[in-house]
Protein chains: 4
Amino acid sequence: MLRNHAPSDQRLADQAYSRIVEIILGGLNVGDRLPSESRLAESFGMSRTVVREALVRLAADGITEARRGAGSYVMRRPSLRLGAHMAFDELSATLGTYEVRFALESDAARLAARRRSPEQLAEIESAMADLRKALLSSDPAHDEDWRLHRAIFRATSNPAFEKAFEHLHEETMRIMRAGVDIARLREAEPIAAMVREHATIVEAIRAQDADGAALAMRWHLSEGRKRLMP
Amino acid sequence: MLRNHAPSDQRLADQAYSRIVEIILGGLNVGDRLPSESRLAESFGMSRTVVREALVRLAADGITEARRGAGSYVMRRPSLRLGAHMAFDELSATLGTYEVRFALESDAARLAARRRSPEQLAEIESAMADLRKALLSSDPAHDEDWRLHRAIFRATSNPAFEKAFEHLHEETMRIMRAGVDIARLREAEPIAAMVREHATIVEAIRAQDADGAALAMRWHLSEGRKRLMP
Amino acid sequence: MLRNHAPSDQRLADQAYSRIVEIILGGLNVGDRLPSESRLAESFGMSRTVVREALVRLAADGITEARRGAGSYVMRRPSLRLGAHMAFDELSATLGTYEVRFALESDAARLAARRRSPEQLAEIESAMADLRKALLSSDPAHDEDWRLHRAIFRATSNPAFEKAFEHLHEETMRIMRAGVDIARLREAEPIAAMVREHATIVEAIRAQDADGAALAMRWHLSEGRKRLMP
Amino acid sequence: MLRNHAPSDQRLADQAYSRIVEIILGGLNVGDRLPSESRLAESFGMSRTVVREALVRLAADGITEARRGAGSYVMRRPSLRLGAHMAFDELSATLGTYEVRFALESDAARLAARRRSPEQLAEIESAMADLRKALLSSDPAHDEDWRLHRAIFRATSNPAFEKAFEHLHEETMRIMRAGVDIARLREAEPIAAMVREHATIVEAIRAQDADGAALAMRWHLSEGRKRLMP
C-alpha cells in the first residue's frame, strides 16, 4: 500500500480548513486577523499540527495570507454559493486541485500550441464556439468548459496529459459548475471575462504561440480561482 | 463517457511508435534519416494520420528530431534494456509520462521548498539517505526513488499533488526500475549523477530555494529521460 | 569591439520591418496574407535574409503569424497612433524590448514578492496610488507607470535588476506614453484594465505570492503589447 | 534623474556584504551561524537596514541561508580565488548579475531554439567548438565563453536581448574569467562539466527544443554560480 501517513490526518486538516472558512464567512472581513493557531487548535479540539496544515492550505488557495510572526489574515472570502456545489469539507480538496491544474494545464497549452494539427485546432475552435454560446446563454456551461480544456489536452498528442486531467474530473466539474453559477450572480463582467480568457488561450494556440498559450491558461485558472472568492 | 476519440487510434499510434523504435534499433544511427511518413504508413499498413501522431510523440520524447520540410532524424537511440522492463508497445505511454512529470514535479518541488515543515524536511532527508545507500549498493533502488519523490509531493501540503503523482505510479515505477538498471550497465558516472541530482533537489528544498528546487527537479527528470537513451 | 555583425544589417531589418508595417496599415486586414518573402525583398531592394529577419521579428511581436509552408498572415494591426510617439523605423527596436521585459520584469516581480521589506512595499503601494490617480485623470501617466515598475525592481534588493531596467528607459518610456495615449482613444475599458493589472501585481507582492506576482506581471506586459495593436 | 534612493546606501550594503564574506572566509564553516543582524550592524558601525540588505543579497546569491526566526547560516563559502578577479566590494554587484542572467539567458536560449536560422546555428556551433578547445587547453577561455553566449542572444533575432546582455559585459567577463580559473584549480571534473553543460544547451538549440534549451541554460548558470563557491 502506497500511502503511509494517516488519511485521517488529511481528513482532519480538511475539517479544520472548512471550520476556519466558516469562521471567515461568519463574520470576518478582508484584512481581519484570524484567531491564533493555538486558539484554533483548542477550539476545534485538534492538534496544532493539523491546524497549521489547514492554515498552509488556506494561504496556498489564496483565502488567507500569512504575515511572518504576525499570524494569518483574511485575504479573500469564499463565495457562500460554493456550498451549493460541494460539501464544505470537500472545499479544501476541491480548491487544492487548482495548483495541480496550474502546472498541468499551462504546460498542456504550451505543448498544444506547438503540436496541434489542423484537425486538433478545429476541435478546439469548435469547443470554443460552443462554450461561448453556452456562457452567453443562461444554460449550464460546464460540459462545454470541460470539453474545451480536454481538447487542449488532446492537442498535446501526449495521452498522459489527458489521462492526468481526467483524474481531476470530479473536482474540476464541481469548480466549473460553481464558477459559472457564481459569475452569473454578479453583473455581466465575470461572464465576459470567462469568454475573453478562453478566447485568448485559443488564439495563442492557433498562432502556435507556445509561451502565450501557457501564460493565458495560467492567468485564466488564476482568475477563475479568484472568481470563486469575489 | 468522457473520451470520444477512438482508444484504438491511440493503440495504433502506440504500435507505430514501437515499430519505428524497432527500425531505429535495427540499424539506424544518431543523425540518420527515418523513412518518410508515407513510406512508414504504407509499410505498417496504417494511415498517415496515425504515423504522424507517432512521429510527433517520438520527437516529444527526444528520440527523433523533426527538421522542417526535411523529415525526421534519429536524435537518440533508446536502450535495448528498456525491453526488459516493459512491453514494447508500452514504450510510448511510459515515456510520455515524463512530460506530465516535468510539469507536476517541478512545481511540487517549488512548493515543497516554500512550505515544507521541519518534519516533512526530515522525511525527505531520510528518504534521500536511503536512496543514496541503495543506489551505491547493487540492490534495487526504485522503491527508495519513489519514496523520495513522494516525500517531496507530500511536502507541498496539497494532497492533490500526491494524488496526481500516484496515478502515475505504474509508469513511474517502470521507469525508475529501468533507469537504475541501465545506469548500472555503464560505468560509475550515471549512478553518481543520479545521487548528485537528487541531492541537489533536497539541498534546495532544505534551503527553501523554490526556484532552485524546481530547476533541479526538472533537470533531474530531463537527464533521467536521456539516460534511458544513452 | 564586441559586436561583429554589421549594425547596418540590423538597420536594414528595422527598415524592412517598418515598411511591412506600412503595407499592413495601408490596406491589409487581420487574417490577410502578406506578399511572399521574395516579393517583399524585390520590392524593397533588399536581400531575402534581411526580409526574413524582419518577418521573424514581426511574428515575435505578435503582428504577424507564420503558417508553416504558407507564408505570413496579419495577426494584429499596430495602432496608427504609434507614429505619434516614435519614428517608424524605431518601431521594431521599441517593440522588441517587450520580450526582454517579459523575462526581466516577471522574475523581478517574483523576487520582489519574496524579499520586499515593509518599506519597499510602502514605496510600491504609494507608486500604485499615484499611478491609479494619474490613469483615471486626463494627465500623462507614464512617469507614474515607470515609478511603479522601478519600485518593483528595487524591491528585489538586487541592484543588477534595476540597472538592467534603466537601460531600457528610453524604449520603455516611449511605450508607456503610447500605451496610455492609445488606451484613452478608446472607451473606458482599456484604462480600467491598466489599473486592474497593476493592482493585481501589487496585491500579489503584498501577499508575498511569488508565482502570482510573476504571472500578473507577465500578463500585464502581454496585454500591454496587445493594446498597442487594438 | 532617475534614481532617488541614495547610491551611497547601495555602496554601504556592498561593503557590509564583503565584510560578511570576510567573516565567513576568516573562519566559518558551512552550517555555521553568522553573528546576529544587530551584532553585525554594531561591529560595522552601520545601520541594521544596511546589514539586512546585505544579508538578503547573500542569501539571494546562495552564500547564506536564512532560517526563519533563527538567523543566517553559511551555505557556501566563496572561493578565495575570487579575490584575484575582482575587488572585494565588487563581489555583491558581480554575483548579483546572475539573477538577471537567469532571467535573460534562459529566455534567450528558449527563443534561439525556436528561431535560429541555419546560419545562426552554424555560428553557435562554431563558437561551441572554440570554447571546448579553449576549456580543454590551459589557455584562457573567457572570450570563447562570451562569444558562445552572445551567439545565442543573436539567434533570438531580437537585438534588444543582445543589447541587454552587453550591458552586463564587465561583470560577466569577470565571472567567466574567475569561473575557468577556479575550475582549473580543482580536478578535471569541473572543466568537463563546463564543456558538457554548454554542449547540452547547443544540442537543444540545434534540435529546436525550446524548453530544453531554457532549462539547460538555467542549469548551466546555476551550476556556474555554485562553482565559484566550491
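Keep in mind it's a predicted model, so treat the numbers as computed, not measured. (Residues numbered from 1 in each chain as written. Chains lettered and ligands numbered in written order. Predicted model: local features only at pLDDT ≥ 70, side-chain atom pairs only at ≥ 80, totals over all residues. Heavy atoms only, no water.)

## A word on the pairing of strand 1 (residues 64-67) of chain D
Test applied: Being paired, for any two strands, means DSSP has found at least two bridges between them. Strands are runs of DSSP state E lasting at least 2 residues, helices are runs of H or I lasting at least 4, and numbering of each runs from the N terminus.
Here strand 1 of chain D runs beside strand 2 (residues 71-74) of chain D; their pairing, made up of four bridges, is antiparallel. Within strand 2 of chain D, the position partnered with Arg67 of chain D by the bridge is Gly71 of chain D.

## Examining the relation of the copies chain B and chain A
Just so we agree on the cut-off: For the least-squares superposition of copies, only C-alpha atoms count, and only for residues with pLDDT at least 70 in both. The criterion used for residue contact is that any of the two residues' heavy atoms lie within 4.5 Å.
The operation relating chain B to chain A is a screw motion whose rotation component is 180°, with 0.0 Å of axial translation and a residual RMSD of 0.0 Å. Taken together, the rotation and translation describe the operation of a two-fold axis. Of every C-alpha in chain B, the one belonging to Ala103 of chain B sits nearest the axis of rotation, 2.7 Å from it. A high fraction, 100%, of the interface residues of chain B reappear at the interface in chain A, so the copies pair face to face through one surface.

## Quick look at the environment of Ala155 of chain C
Residue and element names in this part refer to chain C. Following the sequence through the fold, Ala155 ends up in the loop between helix 6 (142-154) and helix 7 (159-166). For the pair Ala155 and Ala108, spaced 47 residues apart in the sequence, the C-alpha separation amounts to 8.2 Å. Filtering out sequence-adjacent residues up to four positions away, Ala155 remains in contact with Leu111, Ala112, Arg115, Arg116, Gln120 and Ile124.

## A closer look at the domain arrangement of chain A
All names here are of chain A. As a reminder of what qualifies: What fixes the domain bounds is an automatic or database domain assignment. Two parts placed together each lose some accessible area under a 1.4 Å probe, and the buried area is that loss summed for both. The working definition used for a salt bridge is a side-chain nitrogen of Lys or Arg within 4 Å of a carboxyl oxygen of Asp or Glu.
If you check the domain split of chain A, you get domain 1 (7-77) and domain 2 (84-227). Distance between the C-alpha centres of domain 1 and domain 2: 29 Å. Contact with domain 1, which involves eleven residues of that partner, is made by nine residues of domain 2. Of the roughly 920 Å² buried at the junction of domain 1 and domain 2 (both faces included), carbon and sulfur atoms supply 59%. Our count for the contact surface shared by domain 1 and domain 2 stands at zero salt bridges. By residue number, the principal contributor to the side of domain 1 that touches domain 2 is helix 1 (residues 7-27), which donates six residues.

## Observations regarding the relation of the copies chain D and chain A
Expressed as a screw transformation, the operator carrying chain D onto chain A has a rotation angle of 180° and an axial translation of 0.0 Å, and the superposed copies differ by an RMSD of 0.0 Å. Take the interface residues of chain D: 100% of them recur as interface residues in chain A, which is what a same-surface contact looks like.

## Some remarks on the pattern of salt bridges
Threshold: Exposed residues in this analysis have more than 50% of their type's maximum accessible area, buried residues have under 20%, and partly exposed residues fall in between, with area computed by a 1.4 Å probe over protein chains only.
What the rule picks out here adds up to 96 salt bridges over all chains. The shortest N-O distance in the salt bridge between Glu90 of chain A and Arg174 of chain A comes to 3.4 Å. Here the residue Glu90 of chain A occupies a position in the loop between strand 2 (71-74) and helix 4 (91-115), and Arg174 of chain A occupies one in helix 8 (residues 169-185), the gap between them amounting to 84 residues. Arg174 of chain A gets classed as buried once you look at its relative accessible area, which sits at 10%. Between Asp14 of chain B and Arg57 of chain B there is a salt bridge; the shortest N-O distance is 2.7 Å.

## Quick word on the interface of chain B and chain A
Here is the rule we go by: Pairing of N or O atoms within 3.5 Å defines a polar contact, subject to two protein rules: one partner must be a possible hydrogen donor and the other a possible acceptor, and residues neighboring in sequence count only if both atoms are side-chain atoms.
With 34 residues of chain B in contact, the opposing surface of chain A contributes 34 residues. In total, chain B and chain A occlude about 3,100 Å² of area from one another, counting both sides; carbon and sulfur atoms represent 51% of this. Applying the counting criterion to the chain B and chain A interface returns six salt bridges. Note that Lys163 of chain A and Glu171 of chain B form a salt bridge whose closest N and O atoms lie 2.9 Å from each other. Remark: the boundary between chain B and chain A carries ten residue pairs in polar contact (both at pLDDT 80 or more).

## Concerning helix 4 (residues 91-115) of chain C
All names here are of chain C. Note the cut-off: In this analysis, the expected span of each helix is defined as 1.5 Å times one less than the number of residues it contains. One fitted axis covers the seven residues ending at a residue, a second covers the seven starting there, and the bend at that residue is the angle between these axes.
Its 25 residues place the ends of helix 4 35 Å apart at the C-alpha level, agreeing with the 36 Å of an ideal helix rising 1.5 Å per residue. At Arg101, helix 4 is deflected by roughly 35°, the largest bend along its length. Across the 25 residues of helix 4, 23 count as buried, placing the element largely inside the fold.

## A look at the confidence of the model for chain A
Short version of the rule: The pLDDT score gives, residue by residue, the confidence of the prediction method on a 0 to 100 scale.
With 97% of its residues at a pLDDT of 70 or more, chain A has an overall mean of 93. Confidence drops under a pLDDT of 50 for residues 1-5 of chain A, and excluding neighbours within four residues, the segment shows 15 contacts in the predicted structure.

## Looking at the interface of chain D and chain A
Many authors give the size of an interface as the accessible area that is lost as the parts come together. Stated precisely, the cut-off is as follows: All residues other than Ala, Val, Leu, Ile, Met, Phe, Trp, Tyr, Cys, Pro, Asp, Glu, Lys and Arg, Gly among them, are scored as polar; the first ten of these are nonpolar and the last four charged.
Across the boundary between the two partners, chain D contributes five residues, which contact five residues of chain A. Surface buried jointly by chain D and chain A totals about 390 Å² across both partners, of which 33% is contributed by carbon and sulfur atoms. When residues of chain D are sorted by the area they lose upon contact with chain A, Arg68, Arg114 and Asp211 of chain D head the list and together hold 78% of the total. Run the count over chain D and chain A and you get two salt bridges. Here Arg114 of chain D and Asp211 of chain A are joined by a salt bridge, their closest N and O atoms 3.3 Å apart. Scanning the region where chain D abuts chain A turns up two residue pairs in polar contact (both at pLDDT 80 or more). Here the side of chain D that touches chain A is built from residues that sort into one nonpolar, no polar and four charged.

## Let's talk about the packing of aromatic side chains
To keep things clear, this is the line we draw: Centres within 6.5 Å are what make two rings of Phe, Tyr or Trp a pair, Trp counting through its six-membered ring; a difference in plane orientation under 30 degrees is then read as stacked, over 60 as edge-to-face, and the rest as tilted. Charges are assigned to positions over rings by a cutoff of 6 Å between ring centre and Lys NZ or Arg CZ, combined with an angular limit of 35 degrees from the ring normal.
A full pass over the atoms with the stated rule returns 18 aromatic pairs over all chains. An angle of 20° between the planes, with centres 4.2 Å apart, marks the rings of Phe153 of chain B and Phe165 of chain B as stacked. In this pair, Phe153 of chain B is assigned in helix 6 (residues 142-154) and Phe165 of chain B in helix 7 (residues 159-166), connecting sequence segments twelve residues apart. Comparing Phe153 of chain B with Phe165 of chain B, the two get one shared label, buried. Ring geometry for Tyr98 of chain C versus Phe102 of chain C: centroids 6.2 Å apart, planes at 45°, classification tilted. Of the two residues, Tyr98 of chain C and Phe102 of chain C are both situated in helix 4; the distance of four residues between them amounts to about one turn of the helix. The buried category is assigned to Tyr98 of chain C, whose relative accessible area is 4%. Pairwise contacts between aromatic rings join Trp146, Phe153, Phe161 and Phe165 of chain A into one cluster. Positioned above the aromatic ring of Tyr73 of chain C is the side chain of Arg67 of chain C, whose terminal nitrogen or guanidinium carbon lies 3.8 Å from the ring centre.

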